[in-house]
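Topology and contacts: notes
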Amino acid sequence: MQIHFYKYQGAGNDFVVLDNREGIYDGLSTAQIHFLCDRRFGIGADGLMMLNPHTEGDFEMRYFNADGREGSMCGNGGRCLVAFARHRELIGTSTRFYAVDGWHEAHIQDDGWVSLKMQDVGEVERSGDDFVLDTGSPHYVRFVPDVDAVDVWRSGRDIRYNERFSGEGINVNFVQRTDGGLKIRTYERGVEAETLACGTGVTAAAIAAAGDQPGSHAVAVNARGGRLEVRYRQTDEQHFTDVWLCGPAAYVFEGNIPVE
Ligand SMILES: N[C@H](CCC[C@H](N)C(=O)O)C(=O)O
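Residues numbered from 1 in each chain as written. Predicted model: local features only at pLDDT ≥ 70, side-chain atom pairs only at ≥ 80, totals over all residues. Heavy atoms only, no water.

Inclusion rule: UniProt positions are given in the numbering used here, feature names are shortened, and annotations may be inferred rather than shown by experiment.
If you look the protein chain up in an unreviewed UniProt entry, it shows as Diaminopimelate epimerase from Compostibacter hankyongensis. According to its UniProt record, the protein chain has this under Pathway (unreviewed entry): "Amino-acid biosynthesis; L-lysine biosynthesis via DAP pathway; DL-2,6-diaminopimelate from LL-2,6-diaminopimelate: step 1/1." Entered under Subcellular location (unreviewed entry) in the UniProt record, the comment concerning the protein chain runs "Cytoplasm".

Set out below in structure tokens:
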């Protein structure tokens, strides 16, 4: 079959997007999605999203990692899908859509800046400079003095494949505190490599960096592919609501590809 695809990126986290309002891509296999995301044999992307119809919201987001398997929530993917829906004129400048972790509200500006509301975070596990939390996807956050000095692939894999996490997998973020905010590098499960940005990881880093300061906060987070911003309200040490992931989302190109 011939597939018409769209390519989007958010801070360098790149995605294949399929308009699946008619359900024509429901039958794509893990191997076919893996092929579409392959950077040498296919289009190339960190993940693939389908925009599905939904009776109660503007659309449903289905997300697959580059390995072809259906994943948990993808923050940058969600922001890109909102930009896609806007470009296809399916939505105005605000939307409410359904994803694997529940409902999301989002807003898009004319310059492509997308603010996406994430789920509340209610449990942050800490051991020294390391944190484990779920922001729609599971994340390990390790604070380091210099992220540029980290061998992200090697150290990320050591954690992702250790005894505790090897079954389900986990995304691993190395985070440095800077004057203006945070600097981050992420090893992503399902891609099994470093990506240029990971939205749920950026969100997890901002929350892990929070002290015990109830109130509303905004944190600038520099990923390798661009700058994102996280806003949240902290009610106590373990509870975070009104969590917003904000950043750029852009159309790259579209085309047709034969898939066997
Ligand atoms: N890049 C994504 C994360 C995808 C999640 C995935 N790698 C997993 O948890 O399996 C983001 O922007 O949030």
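Structure shown, so let's carry the discussion forward.
Topic: the nonpolar core
One broad trend across soluble globular proteins is that nonpolar side chains are buried collectively. The condition that has to hold: Side-chain atoms within 4.5 Å are what join buried Ala, Val, Leu, Ile, Met, Phe, Trp, Tyr and Cys residues into a set we call a nonpolar core. Exposed residues in this analysis have more than 50% of their type's maximum accessible area, buried residues have under 20%, and partly exposed residues fall in between, with area computed by a 1.4 Å probe over protein chains only. In DSSP terms, a helix is any run of H or I states spanning at least four residues, a strand is any run of E spanning at least two, and both are numbered starting from the N terminus. Where each domain begins and ends is defined by an automated method or by a domain database. Should any heavy atoms of two residues lie within 4.5 Å, those residues are counted as being in contact.
Of all hydrophobic cores here, the largest spans 54 residues; its most connected members are Met61 and Leu133. In terms of residue count, helix H4 (residues 199–209) provides more of this core than any other element does, seven residues in total. When we break this core down by domain, the ones giving at least three residues each are domain 1 (2–116 + 249–258) and domain 2 (125–246). Excluding residues within four positions of it along the chain, Leu133 makes contact with Val121, Glu123, Val124, Pro138, His139, Val141, Ala204, Ile207 and Ala208. Residues Tyr25, Leu28, Met50 and Ala66 belong to the second largest nonpolar core, which totals 17 residues.

A look at unusual backbone geometry
Phi at Glu89 is positive, roughly 60 degrees, even though this residue is not glycine. Relative to the helices and strands, Glu89 is located in the loop between helix H2 (75–87) and strand E5 (94–99). Accessibility expressed as a relative area gives 70% for Glu89, which makes it exposed. A positive phi angle is found at Glu192, which is not glycine, with a value near 60 degrees. By the secondary structure assignment, Glu192 is in the loop between strand E12 (181–188) and strand E13 (193–195).

Things to note about the side chain of Thr195
Tracing the sequence through the fold places Thr195 in strand E13. Residue class for Thr195 comes out buried when judged on its relative accessible area of 3%. The residues touching Thr195, leaving out its near neighbours within four places in the chain, are Asn13, Asp46, Thr186 and Glu188.

A few points about the site of the ligand
We apply this condition: Residues are counted as near a molecule or strand when any one of their heavy atoms sits within 4 Å of it. Between N or O atoms, a polar contact is any pair within 3.5 Å; within protein, one atom must be a potential hydrogen donor and the other a potential acceptor, and residues adjacent in sequence are included only when both atoms are from side chains. Areas reported here follow the Shrake-Rupley algorithm with a probe of radius 1.4 Å; residue values treat only the protein chains shown as occluding. Residue polarity follows a fixed list, in which Ala, Val, Leu, Ile, Met, Phe, Trp, Tyr, Cys and Pro are nonpolar, Asp, Glu, Lys and Arg are charged, and the others, Gly among them, are polar.
Around the ligand, a shell composed of 15 residues is seen, among which Gly75, Asn171, Arg189, Gly199 and Thr200 lie nearest. One nitrogen or oxygen atom from the side chain of Asn65 is found 2.9 Å from an oxygen atom belonging to the ligand. Asn171 is positioned such that a nitrogen or oxygen atom in its side chain is 2.7 Å from an oxygen atom of the ligand. Starting from 360 Å² of accessible surface for the ligand in isolation, the protein chains cover 100%. Where the shell around the ligand is concerned, the elements lending two or more residues are strand E4 (60–65), H2 and H4. Residues belonging to the shell around the ligand are distributed by class as follows: four nonpolar, nine polar and two charged. Two domains each provide a minimum of three residues to the shell around the ligand, namely domain 1 (2–116 + 249–258) and domain 2 (125–246).

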